[in-house]
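Chain residues, written in single-letter form:
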Amino acid sequence: MRLFRMLSAVEATAHCDLPCGVYDPAQARIEAESVKAIQEKYQGNEDPVFRTRAILIKEARADLVKHHLWVLWTDYFKPPHFEKYPQLHELFNKATKQAGAAGGKGSMDPAEGQKLLDYIAEIDKIFWETKAAA
């Protein structure tokens, strides 16, 4: 019996390899704020070197937004959440696309950065509702 307990698997889920259980949409929001701020700075600067650097940094930040959103979508939210909030899958899909070529990575327009922030705000609201219910 003791050997069975030692060899039995225990399921653990988390956003990293250690099941710390720490999740927060703030990580995605902060990176999205950076995306929008870079888009604004890009619009106000004509220097080609600055603009090239801005694009590269913004694209890296947009990738981080997608990463943090995917962690929430795939690791934090569970079937009961998707049942209670049927719009959640579509919301995450739109947000990650907005962080990608459709907006954050593909555009230097701050309005596209704001759309990303708006999607993340919707996810944030649902996230905290689920945390309060837990």
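Numbers given to residues run from 1 along each chain, matching the order in which its sequence is written. Reporting in this predicted model follows two pLDDT cut-offs: at least 70 for local features of residues, and 80 or more for side-chain atom pairs to be given and counted; totals over whole chains, interfaces and linings ignore these cut-offs and use all residues. Each side-chain value is derived from all of the structure's non-hydrogen atoms; neither hydrogens nor water enter the calculation.

- If you check an unreviewed UniProt entry, the chain appears there as Nickel superoxide dismutase from Modestobacter versicolor.

1. Here's the deal with the overall build of the chain
Next, step 1: Strands here mean DSSP runs of E at least two residues long; helices mean DSSP runs of H or I at least four residues long; both are numbered from the N terminus. Looking only at helices and strands, the chain has 6 helices and 0 strands in total.
Next, step 2: Starting at the N terminus and walking to the C terminus, you meet the elements of the chain as α-α-α-α-α-α.
Next, step 3: Relative to its 134 residues, the chain shows a buried fraction of 37%.
Next, step 4: For this analysis, residues touch if any pair of their heavy atoms sits within 4.5 Å. For the chain, the share of sequence-separated contacts (at least 6 apart) that also reach a separation of at least 24 residues comes to 69%. Throughout this description, buried means an accessible area under 20% of the type-specific maximum (1.4 Å probe, protein chains only), exposed means over 50%, and partly exposed covers the range between.

2. Thoughts on the environment of Val 35
Next, step 1: Within the secondary structure, Val 35 sits in helix α2 (residues 26-43).
Next, step 2: Residues Val 35 and Gly 104, 69 residues apart in the sequence, show an inter-C-alpha distance of 6.4 Å.
Next, step 3: Residue contacts for Val 35: discarding those within four places in its chain leaves Lys 58, Arg 61, Ala 62 and Gly 104.

3. Examining the pattern of salt bridges
Next, step 1: Salt bridges are identified by distance alone: a Lys or Arg side-chain nitrogen within 4 Å of an Asp or Glu carboxyl oxygen. One pass over the structure, following the stated rule, counts 8 salt bridges.
Next, step 2: Across the pair Arg 51 and Glu 46 runs a salt bridge, and its minimum N-O distance is 3.9 Å.
Next, step 3: Between Glu 90 and Lys 94 there is a salt bridge, with its nearest N and O atoms 3.2 Å apart. Taken as a pair, Glu 90 and Lys 94 lie in helix α5 (residues 88-99) at a separation of 4 residues, close to a single helical turn.
Next, step 4: Look at Lys 94 and you get partly exposed, because its relative accessible area is 37%.

4. So, the environment of Gln 114
Next, step 1: Take Gln 114: it is sitting in helix α6 (residues 110-133).
Next, step 2: For the pair Gln 114 and Gly 104, spaced 10 residues apart in the sequence, the C-alpha separation amounts to 9.3 Å.

5. What to know about the side chain of Gln 39
Next, step 1: Following the sequence through the fold, Gln 39 ends up in helix α2.
Next, step 2: Overall, the relative accessible area of 0% leaves Gln 39 in the buried class.
Next, step 3: Residues within four places of Gln 39 in sequence aside, it is in contact with Lys 58, Gly 103, Gly 104, Ser 107, Met 108, Asp 109, Pro 110, Glu 112 and Gly 113.

6. Focus on the packing of aromatic side chains
Next, step 1: Between 30 and 60 degrees the pair is tilted, below 30 it is stacked and above 60 it is edge-to-face, where a pair is any two Phe, Tyr or Trp rings, Trp via its six-membered ring, whose centres lie within 6.5 Å. Counted according to the given criterion, the structure contains 8 aromatic pairs.
Next, step 2: With a centroid separation of 5.4 Å and an interplanar angle of 10°, the aromatic rings of Trp 73 and Phe 92 are classed as stacked. Here Phe 92 lies in helix α5 and Trp 73 lies in helix α3 (residues 48-76), a separation of 19 residues in the sequence.
Next, step 3: An angle of 55° between the planes, with centres 6.2 Å apart, marks the rings of Phe 77 and Phe 82 as tilted. In this pair, the class of Phe 77 matches that of Phe 82, namely buried.
Next, step 4: Pairwise contacts between aromatic rings join Tyr 23, Trp 73, Tyr 76, Phe 77, Phe 82, Phe 92, Phe 127 and Trp 128 into one cluster.
Next, step 5: Above the face of the Tyr 42 ring, Arg 51 is positioned so that its terminal group lies 3.9 Å from the ring centre. Either the NZ atom of lysine or the CZ atom of arginine qualifies as a charge over a ring when it sits within 6 Å of the ring centre and within 35 degrees of the ring normal.

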